[in-house]
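Structure assessment
Each chain, letter by letter, is given below.
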Number of protein chains: 2
Amino acid sequence: MTDLLEKDASPERYDRAEDKLIYLQNLVADNDMPTIEAFLGEQSEYEIANLLESFPSDDRQQIWQVVPTELKGEVLAEVEDDIRPSLMENMQAGEIGVLAEDLDAQDIAEILDTVEETVRAKVMANLDDEVRLQVAHLESYEDWEVGDYMDPDTIQIQSDISLAQVQRWLRQDDDLLDDQTQELLVVDKTLQLMGLLSLVDLIKYPQDSLVADYIDPAITINDRMDIQDAAAVFRSEDIRFAPVVNSFGELVGQLNAEDIMEIIQDDVDSTMKHLAGVSDDEELFAPILRSAKSRSVWLGINLLTALLAAAVIGQFEAVLSQVVALAVLMPVVASMGGIAGSQTLTVVIRGLAMGQIGGSNRWWLFNKELWVGMINGIIWAIVMAVIAQLWFDNMQISTVIGCYIAINMTAANVSGIGIPLILKRMNIDPALSASVILTTVTDIVGFMSFLGLASLLIL
Amino acid sequence: MTDLLEKDASPERYDRAEDKLIYLQNLVADNDMPTIEAFLGEQSEYEIANLLESFPSDDRQQIWQVVPTELKGEVLAEVEDDIRPSLMENMQAGEIGVLAEDLDAQDIAEILDTVEETVRAKVMANLDDEVRLQVAHLESYEDWEVGDYMDPDTIQIQSDISLAQVQRWLRQDDDLLDDQTQELLVVDKTLQLMGLLSLVDLIKYPQDSLVADYIDPAITINDRMDIQDAAAVFRSEDIRFAPVVNSFGELVGQLNAEDIMEIIQDDVDSTMKHLAGVSDDEELFAPILRSAKSRSVWLGINLLTALLAAAVIGQFEAVLSQVVALAVLMPVVASMGGIAGSQTLTVVIRGLAMGQIGGSNRWWLFNKELWVGMINGIIWAIVMAVIAQLWFDNMQISTVIGCYIAINMTAANVSGIGIPLILKRMNIDPALSASVILTTVTDIVGFMSFLGLASLLIL
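Residues numbered from 1 in each chain as written. Chains lettered and ligands numbered in written order. Predicted model: local features only at pLDDT ≥ 70, side-chain atom pairs only at ≥ 80, totals over all residues.

Points about the overall build of chain A
Helices and strands together make up the secondary structure of chain A, namely 20 helices and six strands. A compact globule built from 459 residues would reach a C-alpha radius of gyration of about 23 Å, whereas chain A, at 29 Å, exceeds it by more than 25%. Judged by the C-alpha coordinates and their principal axes, chain A covers about 90 × 60 × 45 Å. The burial tally for chain A puts 47% of its 459 residues in the buried class. A fraction of 70% describes how many contacts in chain A between residues 6 or more apart in sequence connect residues 24 or more apart. (Helix = DSSP H or I, 4+ residues; strand = E, 2+ residues; numbered from the N terminus. Rg over C-alpha atoms; globule rule 2.2 N^0.38 Å. Buried ≥ 20, exposed ≤ 12 C-beta atoms within 10 Å, placed from the backbone. Contact = placed C-beta atoms within 7 Å.)

So this is what it looks like as structure tokens:
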């Protein structure tokens, strides 16, 4: 593991994040604070944030004490919202103020979001006027708005100067370009946005030619737009950068590659979590009680829907008490419809996120899912009827389970596309609620058709 | 919608991908080919690919006929693998050869992957020697290896020249920098990789200083590494670019921001699809029969596991026939364990992908999930026991369902972390199979404990 400590400006072998984690775990177990400090000194702010997120709360506090002071600010801005308050618990306003000096407005706003009002006021009072205004502006946005995620520092250039002039100007101030910069914003005399100039074009083309000759069109994003919608734009337009404008068309900031990457990842992550009934901000190493509480909500909703299904079954006690085989087959009932429905749901939710579903193709898709449901329904109906016949040697039961599977898988597929489309029309995020509604529908339709059929055919 | 057609070098209002889709749908419905051609002429290759993916097969063929010839190559490289063969069905080797002239080796290899051997040979014969060698090299990799995804064109510079010299050299050849370039590779006299120079640093620092002064360390990726593992490295190290080396340490290519974005998205997408039992390459508008077939596999596996659960229930026919209320409560049994387990599973799979789970924290997590399971188990056990008591007015049944919920939710949480960790140890992708194994375990444990308890307490 010693090669982990030999990090310099030469290419290094890839060391899995997990190796670093285990190495740090051993140091923490040995309580070897000097070596931990040396190790952290060689990691980036991202790596330190990722490592901090990988420890339970007590160990995390201990490691935090020896994070290099010059990185603490950036690490704080980087860690998940859930974790930040615990790291800042014992910090004074003065200390936070010192950290803030090296940060840009975006990071400061992120950090101040999770401190008390008195601390916030003290830190704000110590900031440069320009940065304070930027932070205040960022704080004016809701946490789901683009404005809350944008970088307020844009680099604006005129279109009638030469590429060489642009380069010289960029070199005059070391702070203008940061590591993430890929695009410069071209504005006209009235500061209206004309388009973009990429760093690649700035280097590549003859230096005496004018900026105006190499302007790329820009897709702008509104500052009050929902950040998830903005992520969908980035994905469907395949862009890596966008200027942000307010409702007056004034340039107020930019979204760049790093932010977008984070947004897109967060977006898919949260879709995945929502589909499984886990809250957005549940963090892997959250304390037991917090996790238990956050998961309880979904379990409670789920219990309600399961009770609804139970109530449906309760209506058929007569047939159940006569034919126990029906009860035996009930897990098959609950399961096949649920799986068929969530297969469709996953494909549809992904398509919605990509902007690929709309207009007339909704009916095409609806029709497709109907047919897929019927075809698979009939195939598995036959398979299941044969199995049931061999098992129970009772034609009525085999007929019931067969018909049931054909009906329910068709209904499940149709619901798998119908429910998210209806939710979207109602402006409800389909990822958040489609899966619980779908389960309820497939369970209730499932048991009702299964036991209803059984009552008709057997009683 | 006319503003969609007014795209020039000025910033344009954001037009949702869906608006474009509906606009194109209307044109296709009107069979207005000239307007479709004009519309497509103003879209990027990404947008055209996304639009083609949003149409059923017949319409797609029709639209493909009027995609601007100069974009056809890039669109082909961009569309999903599933769709490409149908677009290329009627193309001759000569036609493909012409398209290939404007493409880089990466795109050509992607396209040739889906054509017949005779066509492939003809196209290869027409390529420049250098490009042909590159394509052949890319084709030597398996489709899950980093080498299959890398860009073989790297830009290599020496460390002992000045930044101004680098810039002049880059301008001599228009093709060196492409839109995606962010980093240059710095090599020593023996062509060994020393590190990276970013375009930002190239512009920002005094032009008479040496490259050597601004070399950033590089994390290299092996060309035979699994692309999903590489995606995990990018995510956990938060890097946007990596040089690719072969097993002799020789530089063979690079992975850059665009590729990585795609890989990371594909990775999360496929995790999401796998968790829902949908095959990786199921495309939204795939023909009915293909979708039905691809989903059948999972439905079949699921039927097997449901039958296992049914077999467990079959062992308890005696108690079921006496107490119908047990059958009524069975959906609650199947449901609560399943939800609790998949909540844990989702959090764990995400943590594994981020490299945050390993070494001693596995036991901490295991312990945490055990407690979360027990706490939520006891809470919902009490709630459910009270409900059952009110419903059936039978202490035995209430006791059984209460005990069952406490036991099963604990078991589900423990399985939710145990199963993916065991699968990982066995080198099986947890996202692919953990969810079906988990369902089987929670169903079987669930019904066994529920009906077993009932037999003990009631019979």
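Observations regarding unusual backbone geometry
A positive phi angle, close to 50°, is found at D393 of chain A, a residue other than glycine. Inspection of the secondary structure puts D393 of chain A in the loop between α18 (361-392) and α19 (395-425). In this model, N31 of chain B sits at a positive phi of 55°, which is unusual for a non-glycine residue. Tracing the chain through its elements places N31 of chain B in the loop between α1 (17-29) and α2 (33-41).

Re the relation of the copies chain A and chain B
Take chain A, turn it by 180°, move it 0.0 Å along the axis, and it overlays chain B with an RMSD of 0.1 Å. Such a turn and shift between the copies fits a two-fold axis. (Least-squares fit on C-alpha atoms with pLDDT ≥ 70 in both.)

Examining the interface of chain A and chain B
Between chain A and chain B, the residue contacts involve 116 residues of the former and 119 residues of the latter. At 18 residues, helix α17 (residues 324-353) of chain A tops the list of elements feeding residues into the side of chain A that touches chain B.

A few points about helix α10 (residues 129-139) of chain B
Every α-helix carries 3.6 residues per turn, so stepping three or four residues along brings you back to the same face. Residues and elements named next belong to chain B. By the burial criterion, the buried members of α10 are V131, Q134, V135 and L138. Down the axis of α10, the smallest arc covering the buried residues is 100°, so these residues share one side. Against the buried residues of α10 lie α8 (105-112) and α9 (117-125). (Arc of directions from axis to C-beta.)

Describing the sheet that holds strand β3 (residues 193-198) of chain A
Residue and element names in this part refer to chain A. One open sheet accounts for three strands, arranged β1-β2-β3; its pairing is mixed. The sheet is open, and its two borders are formed by β1 (156-158) and β3, each paired with just one other strand. For this sheet the average axis-to-axis angle between neighbouring strands, irrespective of direction, equals 40°. (Pairing = 2+ DSSP bridges. Axes fitted to C-alpha atoms, helices over the stretch in contact; angles between N-to-C directions.)

Observations regarding the sheet that holds strand β5 (residues 242-245) of chain B
Spatial strand order, β4-β5-β6 (chain B): three strands in an open sheet with mixed pairing. Each edge of the sheet is formed by a strand with only one pairing partner; in this case those strands are β4 (221-222) and β6 (251-255) of chain B.

Examining the environment of V297 of chain B
Residues and elements named next belong to chain B. Relative to the helices and strands, V297 is located in helix α15 (residues 288-314). A residue is classified by how many C-beta atoms lie within 10 Å of it, and V297, with 11 of them, is exposed. As for V297 and S279, which are separated by 18 residues in sequence, their C-alpha atoms are 9.0 Å apart.

Some thoughts on the pairing of strand β5 (residues 242-245) of chain A
All names here are of chain A. Side chains of β5 alternate between two faces, with A242 and V244 and P243 and V245 buried alike. When strand β4 (residues 221-222) meets β5, the two strands line up parallel, connected through two bridges. Looking at the pairing, N222 lines up with V245 of β5. Looking at chain direction, β5 and strand β6 (residues 251-255) are connected through four bridges and run antiparallel. Bridge pairing in β6 places V244 opposite G253. Between β5 and β6, which pair antiparallel one after the other, the connecting turn spans five residues, and G249 there sits at a positive phi close to 80°.

Some points on the confidence of the model for chain A
Residues and elements named next belong to chain A. The predicted model of chain A averages 85 in pLDDT, with 96% of residues at 70 or higher. Contacts for the low-pLDDT stretch residues 1-15, under 50 throughout, to residues beyond four places or in other chains number 31 contacts. Across the assembled chains, the prediction reports ipTM 0.76 with pTM 0.76. (pLDDT = per-residue confidence, 0-100.)

Comments concerning the packing of α1 of chain B against α2 of chain B
Residue and element names in this part refer to chain B. In contact at an axis separation of 8 Å, α1 and α2 are set at 155° when each is read in the N-to-C sense. Taken as axis vectors, α1 and α2 run roughly antiparallel relative to one another. The crossing of α1 and α2 is left-handed. On α2, the residues touching L24, L27 and V28 of α1 are T35, I36 and F39. (Parallel < 35°, antiparallel > 145°, perpendicular 65-115°, else oblique. Left-handed = near helix turned anticlockwise from the far one by under 90°.)

Points about the packing of helix α14 (residues 257-276) of chain A against helix α20 (residues 430-458) of chain A
Two measures define how a pair of helices packs: the angle their axes make with one another and the distance between the axes. Residue and element names in this part refer to chain A. Running from N to C, α14 and α20 point in directions that differ by 20°, and their axes come no closer than 8 Å. On the basis of their axis angle, the class for α14 and α20 is roughly parallel. As α14 runs across α20, the sense of the crossing is right-handed. Residues T271, H274 and L275 of α14 form the contact with α20, whose participating residues are A431, L432 and S435. When grouped by side-chain class, the residues that make up the contact of α14 with α20 number three nonpolar, three polar and no charged. (Nonpolar A, V, L, I, M, F, W, Y, C, P; charged D, E, K, R; others polar.)

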